[in-house]
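Fold and geometry: a report
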Amino acid sequence: MTVNTILLDFTVDKEVVADRHKRDLALMNIEAALNEFIRNSSKKHFMEMPGGFLQVLTADRGVFITVRGFVEGLISINIEYFKGEEEPPLFNYELSGNLQEVLSDKLQSKKSHRLPAIKRGTVDRYFITSDERILEYDIDEVLFEEKSPYQKVQIVHSKSFGNLLLLDDLQNLSERDLIYTETLMQRGKEDYRDKEIVILGGGDGALLWELLKEQPKFVTMLELDKVVMDACKKYMRSACGDCLDNYNGSNYEIIVDDCVKVLNNYIKEGRKFDYVFGDLTDVPISPTPQGEVWDFIRLILNNSLKVLKPDGKYMTHANGASSPTSLEMLESEFSKLQPSVTFTQDSAFVPSFMEDWVFYQVSFKK
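Residues numbered from 1 in each chain as written. Predicted model: local features only at pLDDT ≥ 70, side-chain atom pairs only at ≥ 80, totals over all residues. Heavy atoms only, no water.

Re unusual backbone geometry
- That bond from Gln338 to Pro339 is cis: its omega, -5°, falls within 30 degrees of zero.
- With respect to the helices and strands, Pro339 occurs in the loop between α10 (324–335) and β19 (341–350).
- The backbone phi angle of Gln215 is positive, close to 60°, even though this residue is not glycine.
- Owing to a relative accessible area of 43%, Gln215 belongs among the partly exposed residues under this scheme.
- Backbone geometry at Met354 places phi at a positive 55°, although glycine is not the residue there.
- Looking at the element boundaries, Met354 is found in the loop between β19 and β20 (355–364). (Helix = DSSP H or I, 4+ residues; strand = E, 2+ residues; numbered from the N terminus. Buried < 20%, exposed > 50% of the residue type's maximum accessible area, 1.4 Å probe, protein only.)

So, the pattern of salt bridges
- Under the definition given, this model contains 25 salt bridges.
- Lys213 is the partner of Glu210 in a salt bridge, and the nearest nitrogen-oxygen pair spans 3.2 Å.
- In this structure Glu210 comes out as buried when scored by relative accessible area, which is 5%.
- When its relative accessible area of 49% is taken as the criterion, Lys213 is described as partly exposed.
- Here Lys226 makes a salt bridge to Asp230, at a shortest N to O gap of 2.8 Å. Here the residue Lys226 and the residue Asp230 both occupy positions in helix α6 (residues 226–235), the gap between them amounting to 4 residues, near one helical turn. (Salt bridge = Lys/Arg side-chain N within 4 Å of Asp/Glu carboxyl O.)

Some remarks on the packing of helix α2 (residues 20–35) against helix α3 (residues 93–107)
- Packing of α2 against α3 brings their axes to within 10 Å, and their N-to-C directions diverge by 155°. In terms of orientation, α2 lies roughly antiparallel with respect to α3. The handedness of the crossing between α2 and α3 comes out as right-handed. Counted together, Ala26, Asn29, Ile30, Ala33 and Leu34 of α2 and Leu99, Val102, Leu103, Lys106 and Leu107 of α3 form the full contact between these two elements.
- Per-class residue counts for the contact of α2 with α3 are 8 nonpolar, 1 polar and 1 charged. (Axes fitted to C-alpha atoms, helices over the stretch in contact; angles between N-to-C directions. Parallel < 35°, antiparallel > 145°, perpendicular 65-115°, else oblique. Left-handed = near helix turned anticlockwise from the far one by under 90°. Contact = heavy atoms within 4.5 Å. Nonpolar A, V, L, I, M, F, W, Y, C, P; charged D, E, K, R; others polar.)

With respect to the packing of aromatic side chains
- Under the criterion given, the structure shown has 14 aromatic pairs.
- Ring plane angle 50° and centroid distance 6.3 Å describe the contact between Phe144 and Tyr235, whose orientation is recorded as tilted. Of this pair, Phe144 sits in strand β9 (residues 139–147) while Tyr235 sits in helix α6, and the two are 91 residues apart along the sequence.
- Both rings, one in Phe334 and one in Phe343, keep their centres 5.2 Å apart while their planes meet at 50°; by these two values the pair is tilted.
- For Phe334, a relative accessible area of 1% translates into the label buried. (Phe/Tyr/Trp six-rings, centres within 6.5 Å; stacked < 30°, edge-to-face > 60°.)

Here we look at the UniProt feature "active site" (unreviewed entry) in the protein chain
- Within this structure's numbering, the places UniProt gives as "active site" (unreviewed entry) are Asp279.
- Tracing the chain through its elements places Asp279 in strand β17 (residues 273–279).
- For Asp279, a relative accessible area of 12% corresponds to the buried category.
- If near-sequence neighbours (up to four positions away) are discounted, Asp279 is found in contact with Tyr180, Leu184, Ile199, Leu200, Gly201, Gly202, Leu207 and His317. (UniProt positions renumbered as here; feature names shortened; annotations may be inferred.)

What to know about the sheet that holds strand β6 (residues 111–121)
- Strand order in the open sheet formed by 6 strands is β2-β3-β4-β5-β1-β6, and the pairing between neighbours is antiparallel. Single-partner strands in this sheet number two, and they are β2 (42–49) and β6. Looking at each pair of strands side by side, their axes are set apart by 15° on average, direction ignored.
- Inspection of the sheet shows strand β4 (residues 63–70) paired to strand β5 (residues 74–83) by 7 bridges, in the antiparallel sense. Of the residues in β5, the one forming a bridge with Arg68 is Ser76.
- Where α2 meets the sheet, its contacts fall on β2, β3 (52–59), β4 and β5, and the angle it forms with β2 comes to roughly 150°.
- Packing against the sheet, α3 makes contact with β1 (2–11), β5 and β6, and its axis sits at approximately 140° to β6. (Pairing = 2+ DSSP bridges.)

This is the structure in structure tokens:
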């Protein structure tokens, strides 16, 4: 079940909105055009408002239509209706194009534009890129949803990406995102054989699963949210394999705890690792590197260096390539670290993110 919204915009002469006679003629033409496509559309309310006007119409099948006129020379038309699961859409993209063409002619529009139907309902289909552009997904089912003590955890099914893990309504990992994990771990560029590794976060299990294929000496994963692991164990097995079935294996251990607390214990004990993976929060989009998330990132960076061997590496994901300012701020934080570090950057197009994602590899200066 969805509420479908069709959006159409028409650029017209300013007089069409500002002049009462021309406005009334335009509204009459709009109503006539709508009646060619929607049965029994009729005006219910009209009001003048600062900067233009608003007209409301209704039609059969519970259709609700708003027509906004802006004195700058823009008329926007929003058509909204309820669509049941088995009902055909009132408008497909081709039909809305026909309506657009008729309206453009009647309004003598200089330019017009339409969007495919925006669908709202029981299944969320819209998510955002790192720089907050809207993406529509072909999600057809919610497989898992639970609010853990830490975040909202969902696994949904997409026809294109398979099962997709969402954390607080943001894309985290899908079954088609092996490239994300391989770029994070720099597969083929790093040698993990007989290495000691710690993963901070990584609750989807994908990084642990892929690292175990590289024959490491031992991998410790520190994940706070058991709900994430339980959900992925059931619904993301093509990504995490069976490594979440047991929290202890011959060469790995999963510790359900706050990674900051465990890192502090490692520092006190003098534990050192060949690799530390920061598979935690994304680098935030913010005007300055201030706030709780940035404080957390700085804490993780500093404490991770304290448990790295002299020739060890800290590996992390960052943000989308379309958010260069946040990446520059993270690199500025790298430059403040002590002991001094050097870093490299890599990126990959992650299918379910629908954008290039950036990863960093940090090591001590020689």
